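Fold and geometry: a report
Here is what each chain is made of, one letter per residue.
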Amino acid sequence: MKTIGILGGMSAASTQTYYRTMCDITRQRLGGLHSPELLIRSLDFAGIEALQARGQWDEAGRILNAEACALARGGADAIVLATNTMHKLAEQMMDDVGIPLLHIADATAQRITAAGLRTPGLMATAFTMEQAFYVDRLKAAGLRPVIPGQADRAEVHRIIYDELCKDIVKDDSRSIYEAIAGRLIEQGADGVILGCTEVGMLLDTGNVGVPVFDTTLIHCEVAIDWALQ
């Protein structure tokens, strides 16, 4: 089994889900007492979020690069960045690291394409929904992502940072997310990407009327598939 390096803490809530999900998948695949070989570096998200808010992405990239290098030195065979938003810095993060990054957007796009779908709605942080680093990657895979309107984008972003990243789950927010997903479907979405690693705390196949693509689950499955090759 290869060793997966998880660079997380952005947020801690999603990184906990990554660890638990990778353990569950490995147990299902191998049985018994098996668990994955992992190295985990969990950052203090407060500092990273402050850099996001100030637009200091280069500084955030330098931090992620140093941590990715540390994971490689520690024996990781590949890196999983346990956040969609910070894939904005994937290229800078992996500069001279020497091991591969298992990219969350590529894994998600492959799963959507395999399902025969083409126009997924995207619910994520404002950075992920509005900037090119993620949406263009989906388009390069032949997809036509559907993005919420401005007011809906603001609500999705607010709930992620004010609630989900703090492990706060509210029924009112679940209803807001369900309504936004419904509007994406009305716009023609044939699936919905849970494009922030915390969105799965509110949405799943039980409360969305089209196929749901939980990026956290997909990322974990792809990582374990790779580790067990």
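All figures in this text were calculated on a predicted structure; none of them were measured in a lab.

1. Focus: the overall build of the chain
Helix and strand counts for the chain stand at ten helices and six strands. What you see for the chain is a C-alpha radius of gyration of 17 Å, in line with the 17 Å of a compact globule of 229 residues. With the principal axes as the frame, the chain shows a C-alpha extent of 45 × 45 × 35 Å. Across the 229 residues in the chain, those meeting the buried criterion constitute 52%. Across the chain, the fraction of contacts at a sequence separation of at least 24, relative to all contacts at a separation of at least 6, is 74%. As displayed, the chain offers around 9900 Å² of accessible surface, 47% of which is attributable to carbon and sulfur atoms. For the chain, the distance from the average position of its 20 positive side-chain charges to the average position of its 29 negative side-chain charges is 2 Å.

2. Some details on the nonpolar core
Ranked by internal contacts, the top residues of the largest apolar core, which has 76 residues, are I4, M10, M22, M86, M123, I160 and Y177. Residues lining this core come from more than one domain, with at least three contributed by each of domain 1 (4–102) and domain 2 (105–214). Residues contacting M22, with those up to four places away along its chain left out, are I4, I6, P36, L38, V80, C220, A223 and I224.

3. Digging into the sheet that holds strand β1 (residues 4–8)
Pairing within the open sheet is parallel, and its three strands lie in the order β2-β1-β3. Two strands bound the open sheet, and with one partner strand each, they are β2 (38–42) and β3 (78–81). Ignoring strand direction, the axes of neighbouring strands in this sheet form an average angle of 20°. With five bridges connecting them, β1 and β2 associate as parallel partners. Within β2, the residue paired with G5 across the bridge is L39. Sheet strands in contact with helix α10 (residues 215–227) are β1 and β3, and its direction is about 175° off that of β3.

4. What to know about the packing of helix α5 (residues 104–114) against α10
The relative placement of two packed helices is expressed as an angle between their axes plus a distance between the axes. Their axes nearest at 9 Å, the elements α5 and α10 cross at an angle of 95°. The pairing of α5 with α10 is recorded here as roughly perpendicular in orientation. Here α5 contributes I104, A107, T108 and R111 to the contact with α10, which in turn contributes T215, I218, H219, E221 and V222. A breakdown of the residues in the contact of α5 with α10 according to their chemical character gives four nonpolar, three polar and two charged.

5. Some words on the domain arrangement of the chain
According to the domain assignment, the chain contains domain 1 (4–102) and domain 2 (105–214). Of note, the centres of domain 1 and domain 2, computed from C-alpha atoms alone, are 21 Å apart. Considering only the surface of domain 1 that becomes buried against domain 2, N84, T85 and K88 emerge as the three largest contributors, covering 43% of it. Our count for the contact surface shared by domain 1 and domain 2 stands at zero salt bridges. At the junction of domain 1 and domain 2, the tally comes to eight residue pairs in polar contact (both at pLDDT 80 or more). The set of elements that each furnish at least two residues to the side of domain 1 that touches domain 2 consists of α1 (12–30) and α2 (45–54). In terms of residue count, α1 provides more of the side of domain 1 that touches domain 2 than any other element does, four residues in total. Looking at the side of domain 1 that touches domain 2 residue by residue, the class counts come to six nonpolar, eight polar and two charged.

6. A short note on the pairing of β1
By the criterion of burial, β1 is predominantly enclosed, with five of the five residues buried. Of the two faces of β1, the one carrying I4, I6 and G8 and the one carrying G5 and L7 are both buried. For the crossover that starts at β1, traverses α1 and ends in the parallel β2, the hand is right-handed. Sheet topology places β1 next to β3; four bridges connect them, and they run parallel.

7. Here we look at α5
Regarding α5, the residues found buried are I104, A105, A107, T108, A109 and I112. In this fold, the buried residues of α5 make contact with α1, β4 (120–123), α7 (132–140), β5 (191–194), β6 (212–214) and α10. G116, located one to two residues past α5, shows a positive phi value of around 80°.

The rules behind the values
Residues numbered from 1 in each chain as written. Predicted model: local features only at pLDDT ≥ 70, side-chain atom pairs only at ≥ 80, totals over all residues. Heavy atoms only, no water. Helix = DSSP H or I, 4+ residues; strand = E, 2+ residues; numbered from the N terminus. Rg over C-alpha atoms; globule rule 2.2 N^0.38 Å. Buried < 20%, exposed > 50% of the residue type's maximum accessible area, 1.4 Å probe, protein only. Contact = heavy atoms within 4.5 Å. Areas by Shrake-Rupley, 256 points an atom, 1.4 Å probe, with all protein chains shown as cover. Lys, Arg positive; Asp, Glu negative; His and termini not counted. Charge placed at Lys NZ, Arg CZ, Asp CG, Glu CD. Core = buried A, V, L, I, M, F, W, Y, C linked by side-chain atoms within 4.5 Å. Domains from an automatic or database assignment. Pairing = 2+ DSSP bridges. Axes fitted to C-alpha atoms, helices over the stretch in contact; angles between N-to-C directions. Parallel < 35°, antiparallel > 145°, perpendicular 65-115°, else oblique. Nonpolar A, V, L, I, M, F, W, Y, C, P; charged D, E, K, R; others polar. Buried area = accessible area lost by both parts, 1.4 Å probe. Salt bridge = Lys/Arg side-chain N within 4 Å of Asp/Glu carboxyl O. Polar contact = N/O pair within 3.5 Å; in protein donor to acceptor, adjacent residues only side chain to side chain. Right-handed = clockwise from strand over helix to strand, strands pointing away.

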